[in-house]
Amino acid sequence: GAVVSQHPSWVICKSGTSVKIECRSLDFQATTMFWYRQFPKQSLMLMATSNEGSKATYEQGVEKDKFLINHASLTLSTLTVTSAHPEDSSFYICSARSDRGQRDTQYFGPGTRLTVL
Amino acid sequence: SQQGEEDPQALSIQEGENATMNCSYKTSINNLQWYRQNSGRGLVHLILIRSNEREKHSGRLRVTLDTSKKSSSLLITASRAADTASYFCATGRSYNTDKLIFGTGTRLQVFP
């Protein structure tokens, strides 16, 4: 149980295009999901907290208009990188916290590697 | 930055040896969690220890927490080549409402 999927697992796009990444909790409901980015050989940096039915909460320094988050249902959150540039190339990981059981544990997706040419 | 620090940054050992990783953090916490990440993959939750606990075991894993020193350690006993991965600690400041702050990570290499 507690499986989180991400799609796509990797994407290559041209500079200036927008890319959407999906995060799904497959066997549980998640009112709250989190989006992280990770540069090579570095730790995870939280970008934003995604709440179903309301606006996301962004961390300091993260551009809201650049990284659009939509948490449309209790099992799906999407991150759209708008007008992507090479510096946006990174590993994006989502996590979800179950609405039941041990609520302080986050379950992570397998990540999406974004390469912007 | 609120990010915690881990040491060592990298650790290489032989199979069968024990591996110890340390994590220090800066703020008061409700819980501390350890995760494993294989190269280019997502994170796997290993163990959670709450602020009122001092030690916890799970299989070959032993975690300690010293809130007075704001530090934790993860011990992997009888390591295996399959334990090769990066290990991160993450702190949660409150139950059920808050984000996790991740440490810098330790890259563990276990040689067969």
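Cut-offs used in this document
Residues numbered from 1 in each chain as written. Chains lettered and ligands numbered in written order. Predicted model: local features only at pLDDT ≥ 70, side-chain atom pairs only at ≥ 80, totals over all residues. Heavy atoms only, no water. Helix = DSSP H or I, 4+ residues; strand = E, 2+ residues; numbered from the N terminus. Rg over C-alpha atoms; globule rule 2.2 N^0.38 Å. Buried < 20%, exposed > 50% of the residue type's maximum accessible area, 1.4 Å probe, protein only. Contact = heavy atoms within 4.5 Å. Areas by Shrake-Rupley, 256 points an atom, 1.4 Å probe, with all protein chains shown as cover. Lys, Arg positive; Asp, Glu negative; His and termini not counted. Charge placed at Lys NZ, Arg CZ, Asp CG, Glu CD. Buried area = accessible area lost by both parts, 1.4 Å probe. Salt bridge = Lys/Arg side-chain N within 4 Å of Asp/Glu carboxyl O. Polar contact = N/O pair within 3.5 Å; in protein donor to acceptor, adjacent residues only side chain to side chain. Nonpolar A, V, L, I, M, F, W, Y, C, P; charged D, E, K, R; others polar. Core = buried A, V, L, I, M, F, W, Y, C linked by side-chain atoms within 4.5 Å. 1 Å grid on protein atoms, 1.4 Å probe; cavity = no way out; pocket = protein on both sides within 12 Å on 5 of 7 lines; lining within 4 Å. Points joined across faces, edges and corners; volume = space filled by probe spheres on them.

Describing the overall build of chain A
Helices and strands together make up the secondary structure of chain A, namely zero helices and 11 strands. Ordering the α and β elements of chain A from the N terminus gives β-β-β-β-β-β-β-β-β-β-β. Taken against the 2.2 N^0.38 rule, which gives 13 Å for 117 residues, the C-alpha radius of gyration of chain A at 13 Å falls within 12% of a compact globule. Overall, the C-alpha framework of chain A stretches about 40 × 25 × 20 Å when taken along its three principal axes. Per-residue burial for chain A yields a buried fraction of 50% across its 117 residues. Across chain A, contacts joining residues at least 24 apart in sequence account for 56% of those joining residues at least 6 apart. A total accessible area of about 5700 Å² is found for chain A, and carbon and sulfur atoms account for 52% of it. The centroid of the 12 positive side-chain charges in chain A is displaced by 3 Å from the centroid of its 10 negative side-chain charges.

A word on the overall build of chain B
Along chain B, the regular secondary structure elements total zero helices and 11 strands. Order of helices (α) and strands (β) in chain B, N terminus to C terminus: β-β-β-β-β-β-β-β-β-β-β. Against the compact-globule benchmark of 13 Å for 112 residues, chain B has a radius of gyration of 13 Å, which places it among compact chains. Structurally, chain B occupies a C-alpha span of about 40 × 30 × 20 Å along its principal axes. Classification of the 112 residues of chain B by burial places 45% in the buried group. Within chain B, residue pairs in contact and separated by at least 24 positions form 55% of the contacts whose partners lie at least 6 positions apart. For chain B, the exposed area adds up to about 5400 Å²; of that, 43% sits on carbon and sulfur atoms.

Thoughts on the interface of chain A and chain B
Accessible area lost during the coming together of the parts is what is often quoted as the interface size. On the chain B side, the residues contacting the 23 residues of chain A number 24 residues. Each partner contributes to the roughly 1700 Å² buried at the junction of chain A and chain B, and carbon and sulfur atoms together form 50% of this total. Ionic pairing is found between Glu-59 of chain A and Lys-99 of chain B, a salt bridge with its closest N-O pair at 2.9 Å. In this structure, the connection of chain A to chain B is made through five residue pairs in polar contact (both at pLDDT 80 or more). Elements represented by at least two residues in the side of chain A that touches chain B include exactly strand S4 (32–38), strand S5 (44–51), strand S9 (90–97) and strand S10 (106–108) of chain A. In terms of residue class, the side of chain A that touches chain B is made up of nine nonpolar, eight polar and six charged.

Brief notes about the nonpolar core
Of all hydrophobic cores here, the largest spans 25 residues; its most connected members are Trp-35, Tyr-58, Phe-67, Ile-69, Leu-79, Tyr-92 and Leu-114 of chain A. Elements with a contribution of two residues or more to this core: strand S2 (10–13), strand S3 (19–25), S4, S5, strand S7 (67–73), strand S8 (76–81), S9 and strand S11 (112–116) of chain A. Listed in part, the 22 residues of the second largest apolar core include Ile-29, Leu-65, Leu-74 and Tyr-87 of chain B.

Digging into the layout of surface pockets
All names here are of chain B. Within this model, the largest pocket holds a volume of roughly 490 Å³. Sorting the residues of the lining of the largest pocket by element identifies strand S9 (85–92) and strand S11 (106–111) as the ones contributing at least two each. Considering each element in turn, the lining of the largest pocket owes the most residues, four residues, to S11. For the lining of the largest pocket, the residue count by class is six nonpolar, 13 polar and three charged.

Brief notes about the side chain of Ser-72 of chain B
Residue and element names in this part refer to chain B. Structurally, Ser-72 is set in strand S8 (residues 71–76). The exposure class assigned to Ser-72 is buried, which follows from its relative accessible area of 3%. Of the polar contacts made by the side chain of Ser-72, one reaches the backbone oxygen of Thr-64; its length is 2.7 Å. In contact with Ser-72, other than residues within four places in its own chain, are Met-21, Asn-22, Cys-23, Leu-32, Trp-34, Val-63, Thr-64 and Leu-65.

These results come straight from atomic positions and should not be treated as a statement about function.
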